[in-house]
Amino acid sequence: MVVDRKILTLDEFTIQQLRDFPQATGELSGLLRDIGLAAKRVNVEVNKAGLVDILGDTGNINVQGEEVKKLDEFANDQFVGVLRHGISCAGIASEELDDIVVFNDPVSNNSKYICMFDPLDGSANIDVNISIGTIFSIYRRVTEKGKPAELKDFLQPGNQQVAAGYIIYGSSTIFVYGTRRGVNGFTLDPSIGEYSLSHPDIKCPESGNIYSVNHGHFFRYPESVKKYIDVCQHKNNTNGGPYTQRYIGSMVADVHRNLLKGGIFMYPETTDKPNGKLRLLYECNPFAFIVEVAGGKATNGKERILDVQPTELHQRSPFFVGSKKMMEELEGFLNSKDAKA
Ligand code: P6P
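Each value, and the rule that gives it
- Residues numbered from 1 in each chain as written.
- Predicted model: local features only at pLDDT ≥ 70, side-chain atom pairs only at ≥ 80, totals over all residues.
- Heavy atoms only, no water.
- Helix = DSSP H or I, 4+ residues; strand = E, 2+ residues; numbered from the N terminus.
- Buried < 20%, exposed > 50% of the residue type's maximum accessible area, 1.4 Å probe, protein only.
- Domains from an automatic or database assignment.
- Contact = heavy atoms within 4.5 Å.
- Buried area = accessible area lost by both parts, 1.4 Å probe.
- Salt bridge = Lys/Arg side-chain N within 4 Å of Asp/Glu carboxyl O.
- Pairing = 2+ DSSP bridges.
- Axes fitted to C-alpha atoms, helices over the stretch in contact; angles between N-to-C directions.
- Parallel < 35°, antiparallel > 145°, perpendicular 65-115°, else oblique.
- Left-handed = near helix turned anticlockwise from the far one by under 90°.
- Nonpolar A, V, L, I, M, F, W, Y, C, P; charged D, E, K, R; others polar.

*Asks:* Help me out: how do you make sense of the side chain of Ser250 in this one?
*Replies:* Topologically, Ser250 is positioned in the loop between strand E12 (244-245) and helix H6 (251-261). With a relative accessible area of 0%, Ser250 lands in the buried category.

Given below as structure tokens:
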């Protein structure tokens, strides 16, 4: 039997990465495997949503003041459960939980990583069958191993991320993660129940023609952002062709498309949301890390977003992310003198 070794599973890929770092403990591989397992369980429910009583609201409101969907809660339970019972994570933070969860058992306390995630981003789209996703971010803890993790392990700038990724539950289920060595995508093969390498060494095209923004908020955006959107509507893009606007209100789907095809995703601050809507720690930073490793750029409108020192677990941030040349064109407007007026 000829085995095609080119089609590596996620586990084979992460273990092969260990070959290049003999001193590595394999903990990161284990953590990614745990996240992948939880995502498989979420995927099963997402794929049959509508057939079973898992759609709709729980009647609860999360720390963000948003209605908690049954699938949100289910997804959160899967990730917390797998990571708590794994051996590679000292604690987690989640969009669905007010505070950090420190696993505080001898094995978990001896883990060197913590993980933050949005267990099911875009949940408002669940009931209408639009692609949704899980976003995760992994840091090395800064507190002493052997002791319980603390809040300071989570309030690290995004430039300290060891790895970040997302799972998009769409026409297929794709697990994308990046480390400083690169970004790779793995498509879930239902026939073997494994994620198989399908998008090796993802690079974000330097330019593109897609701009993603919610036009419904247009008149509440800063003037500099309005001017850039005006360019997108009236002028050719940095490739020389016309722009196209694509925005489906599910960040994982919008950013995944732009990462592969080239484009820019914007969730600016507005007059009614001066800090924007998206969360810095488990939405903005993971995608900023992935897109930067893939060759793109990410900012909060004022600075490289990965350099922002977080102060609160669920703090929000304006967010602009995408192809290098498109981001540089946007920054020309954001940094212009009248933008600072
Ligand atoms: P708006 C989904 O609720 C989400 O957090 C992101 O996935 C998405 O990009 C954004 O909000 C959409 O927000 O205000 O455009 O509906």
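*Asks:* How should the domain arrangement of the protein be read in this particular structure?
*Replies:* Interfaces are often sized by the accessible area lost when the parts come together. Domain annotation of the protein identifies domain 1 (10-199) and domain 2 (210-340). Put simply, the middle of domain 1 and the middle of domain 2, counted by C-alpha atoms, are 24 Å apart. Taken together, the contact between domain 1 and domain 2 spans 47 residues of the former and 32 residues of the latter. In total, about 2800 Å² of surface goes out of reach between domain 1 and domain 2, with carbon and sulfur atoms giving 65% of it. Of all residues in domain 1, Ile135, Leu155 and Tyr166 bury the most surface against domain 2, accounting for 21% of the area lost on that side. For the pair domain 1 and domain 2, the number of links is one salt bridge.

*Asks:* Looking at this model, I keep getting lost on the sheet that holds strand E11 (residues 210-212). Mind explaining?
*Replies:* The strands that make up a sheet are held in pairs by hydrogen bonds between backbone atoms, and each pair lies either parallel or antiparallel. Across the sheet, five strands lie side by side as E12-E11-E13-E15-E14; this open sheet has mixed pairing. Each edge of the open sheet carries a strand with a single partner, namely E12 and strand E14 (297-299). Pairing of strand E13 (residues 264-267) with strand E15 (residues 319-322), which is carried by four bridges, proceeds in the antiparallel orientation. Following the sheet pairing, Met266 is matched in E15 by Phe320.

*Asks:* Honestly, the packing of H6 against helix H7 (residues 280-293) in this entry has me stumped. Any pointers?
*Replies:* The contact between H6 and H7 brings their axes to 11 Å, and the two run at 10°. Put simply, H6 runs roughly parallel to H7. Handedness of the H6/H7 crossing: right-handed. Mapping the contact onto sequence places Met251, Val252, Val255 and Leu259 in H6 and Glu283, Phe287, Ile290 and Val291 in H7. For the contact of H6 with H7, the class distribution of residues is seven nonpolar, no polar and one charged.

*Asks:* Teacher, can you tell me more about the sheet that holds strand E8 (residues 173-179) here?
*Replies:* Strand order across the open sheet formed by eight strands is E4-E3-E5-E6-E7-E8-E9-E10, with mixed pairing between neighbours. Looking along the sheet, the strands with just one partner apiece sit at the ends: strand E4 (101-102) and strand E10 (194-199). Where E8 and strand E9 (residues 182-189) come together, six bridges link them in antiparallel fashion. In the strand pairing of E9, Thr179 is matched with Gly182. Across the sheet, helix H2 (residues 27-48) touches strand E5 (113-121), strand E6 (132-140), strand E7 (161-169), E8, E9 and E10, and the angle it forms with E7 is around 20°. Against the sheet, H6 makes contact with E5, E6, E7, E8 and E10, and its axis sits at roughly 105° relative to E7, the strand it touches most.

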